[in-house]
Every structure is written in C-alpha cells, then in structure tokens.
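# Coordinates in review
Each chain is listed here by its residues.
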Amino acid sequence: MRKHIFSRALLIILLFFLTVSSHATAARSSSVISKTAVHFFNEGQRINGILTEPEFLQNPAPVIILLHGFLGHMDDLPVHDSEESLFEMTARIFAEGGISSLRFDFRGSGTSEGEWKDTTFNKQVSDAISSISFLQSLENIDGNRIGVVGLSQGGLVAACLAARDSRVKSVALWSAVAIPVHTYSALLGKDSVDRAIEADSLEEITAEISWGGKTVLRKEFFDELFLIDPVAEIVSYDGPLLVVSGSKDNLVFPQPEVSRLFITYHKGVNRLLEQGSGHIFDLFERQDKVREIIEATLEWFKITL
C-alpha cells in the first residue's frame, strides 16, 4: 500500500516538472556537443555507433541508448526541414540538456557487421546488452544512470532489455511493438508468417512489406513472433516508464490501446503520452510533433535518472 501511494505521489511530481520544464526546454540555447564514432563487439561481430556528449563535462553524464526500428538504422528517418535524422536530432537535444546518448546499428543493419536476414528480437536485445557494457567502460559516462529509448521494434527490444538487465534505470517506448504476431502479420503478411511456421530450420522467407518492397528473413525471426512478449517482460521491470503513442499509428495499432498494455502491466511509476500523430510522429511532414516527443522524453530522463 505504501509503495502504491509513493508511486502515485512520484508520478504527480514527475508530471508537474514535465509540464513546467517544457517551457524552459523550448527556450534552451544551443550548447557545444561532441560526436564520436565508436564501435563494440557482440558474438565476434562489430557494431558501429555514434556517441553524442555534452562538451566540458565536470562530472560523468547519464546516457541514453537509442534503439532503431525494423529495417532501420541509427541515422534513418530524416526530419522535415532539417539536416538531421530522428536520432541525430534526439542526440543533439539530449546533449544540449546535459545527457549523453549512444545510437548504433543492430547487427545486420546499417554499417554494423552481420546479415539482415539473420536478425531476431533476441539478437537485438543481446546487442543492446553489449552496448551497456561498452558504455560502462567509458570514463565520461555515469554507468549507474543509463536509460533507453526504443522506436517501434526498438521499443520491443527496449522493453525486453529493461526486464533482463538491471543496469537500465529508466525507459521510454516510442510507438513500441507490443503484440509481435499481430504487428508483423500486418506488416509482412499473414501468408509469410504461415509459410515460416511450416518452413525448415534456417530457411529464408521472402516477405512483401506493407509500405512497399520485399525483405528476406530466416524462419527464426518468425518463430520469435510467438516466443517474445514485450508486455509480459515489462512486468519484470519496475523502474520509470514513459510510453509514447501516436493516435494515427497505422503500423502498431489500435492506439492508444496497444501502448496502454505496457502501462497496465508495468508495476512502477509510468506515464502514457498520447499525441495526434502517426507511427513516427509525422516527421516527414513537420517538426513540431517529433520535437514535442523528444523534449518530453528529455525531461523524463532528467527527472528519473
């Protein structure tokens, strides 16, 4: 009972500071930041990333791991009327707010080693766990204040990561996949899922993507649609949780009901932030929606880390 009352009181305080600090965020002047190409290894394969930090730190900074989505990479999704990608803008705004970040390409994606067809949810969780160990080896990083942002499939990975690795202290899920078999049956076609069920081990499945084009994934990816449950995993994580939902999301739907599942089964302090936007916050058409999400997430981490 006391824990429940404490959690509600902390949530009220968090919401108050998020509201007040949003005005200060909008007026924040640019700071000097540094961007460094980095790499680490998992299962013998090189993973490439970019570490963005505030300059002139007097003390080690908290750090946020940024996890990209399905068929994405660390610098995809260019933001309207800017020269930045989604995570590049996120990293800059975080650094201006005093928080470092690491964005990286999962194995088989972007510039990292490995083949895309070999990707699975569990392998991406493993990559994320390796990224934490890498960050804790850096002297300018406060290894006790590590948060994670996951977009779409990256949100699924972030939920599992938080449940499996106690070094994660705060989480933000952006348009996170909650029911894998539902989302990927819509995204890749029910026929692809059905073919994968009947396929031999390691068989490659060619699937048509709902937004156009095709992709090839091994049977193992489809098997995990029935084995990985990010909502069940979030039960094991009781740290602060921010869940962001776009009401017009046509990839992870219906909203906000799907996103609310994380809130329902999470046992700690949490907040559901609903926005009238699409899966990636309308970033191809406008900046204001995505900036609102980034700045609200920054304030969340400033309070919870």
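Refer to the preceding data block for the structure.
Criteria and thresholds
Residue positions are given per chain, counting from 1 as you read along its sequence in written order. Reporting of local features is limited, given that this is a predicted model, to residues whose pLDDT is at least 70; pairs of side-chain atoms are given and counted only at 80 or more, and all residues count toward the totals for whole chains, interfaces and linings. Computation of side-chain values covers all heavy atoms of the structure but excludes hydrogens and water. Helix and strand definitions here come from DSSP, where helices need a minimum of 4 consecutive H or I residues and strands a minimum of 2 consecutive E residues; each element is numbered from the N-terminal end. When accessible area is computed with a 1.4 Å probe and restricted to protein chains, residues below 20% of their type maximum are described as buried, those above 50% as exposed, and intermediate ones as partly exposed. Note on contacts: a residue pair qualifies if any of its non-hydrogen atoms lie within 4.5 Å across the two residues. Residue count minus one, scaled by 1.5 Å, sets the expected span of a helix. Throughout, the protein atoms alone are placed on a 1 Å grid, and a set of points is a cavity if a 1.4 Å probe fits but cannot get out or a pocket if it is open with protein on both sides within 12 Å along at least five of seven lines; lining residues have an atom within 4 Å of a point. Grid points are joined across faces, edges and corners, and a volume is the space filled by probe spheres set on the points. Just so you know the grouping, Ala, Val, Leu, Ile, Met, Phe, Trp, Tyr, Cys and Pro go in nonpolar, Asp, Glu, Lys and Arg go in charged, and all remaining residues, Gly too, go in polar. One requirement defines pairing of two strands: DSSP has to find at least two bridges between them. Angular values range over 0 to 180 degrees, each being the angle between N-to-C directions of two axes fitted as lines to C-alpha atoms, with helices fitted over their stretch in contact.

## Here we look at the side chain of Ser101
Assignment of secondary structure puts Ser101 in strand β4 (residues 100–104). Ser101 gets classed as buried once you look at its relative accessible area, which sits at 1%. With residues near it in sequence (within four places) discarded, Ser101 still touches Ile50, Leu51, Thr52, Val63, Ile64, Leu66 and Ala91.

## Notes on helix α10 (residues 288–304)
Compared with the 24 Å implied by 1.5 Å per residue over 17 residues, the 24 Å span of α10 between its first and last C-alpha is a close match. Of all 17 residues in α10, twelve are buried, a share of seventy percent or more. Listed in full, the buried residues belonging to α10 are Lys289, Val290, Ile293, Ile294, Glu295, Ala296, Thr297, Leu298, Glu299, Trp300, Phe301 and Thr304.

## Examining the layout of surface pockets
Summary: where empty space remains is shown by rolling a probe the size of a single water molecule over the atoms. In this structure, the largest pocket spans a volume of roughly 570 Å³. Secondary structure elements with two or more residues in the lining of the largest pocket: α2 (86–96) and α5 (180–188). Broken down by element, the lining of the largest pocket gets its largest block of residues, three residues, from α5. The residue makeup of the lining of the largest pocket, split by class, is 16 nonpolar, ten polar and four charged.

## Observations concerning the sheet that holds strand β3 (residues 61–67)
Strand pairing in a sheet takes place through backbone hydrogen bonds and is either antiparallel or parallel in direction. Reading across from one edge, β1-β2-β4-β3-β5-β6-β9-β10 is the order of the eight strands in this open sheet, with mixed pairing throughout. Bordering the open sheet on either side are β1 (33–42) and β10 (270–275), each of which pairs with just one other strand. With strand direction ignored, the average angle separating the axes of adjacent strands in the sheet is 20 degrees. Across the face of the sheet, α2 comes into contact with β1, β2 (45–54), β3, β4, β5 (141–151) and β6 (168–174) while running at roughly 170 degrees to β3.

## Some words on the pairing of strand β9 (residues 241–246)
Among the six residues of β9, six are classified as buried, and the element is accordingly described as predominantly covered. The side-chain alternation of β9 yields two buried faces, one formed by Leu241, Val243 and Ser245 and the other by Leu242, Val244 and Gly246. Direction of pairing for β6 relative to β9: parallel, over a ladder of four bridges. Looking at the pairing, Leu173 lines up with Val243 of β9.

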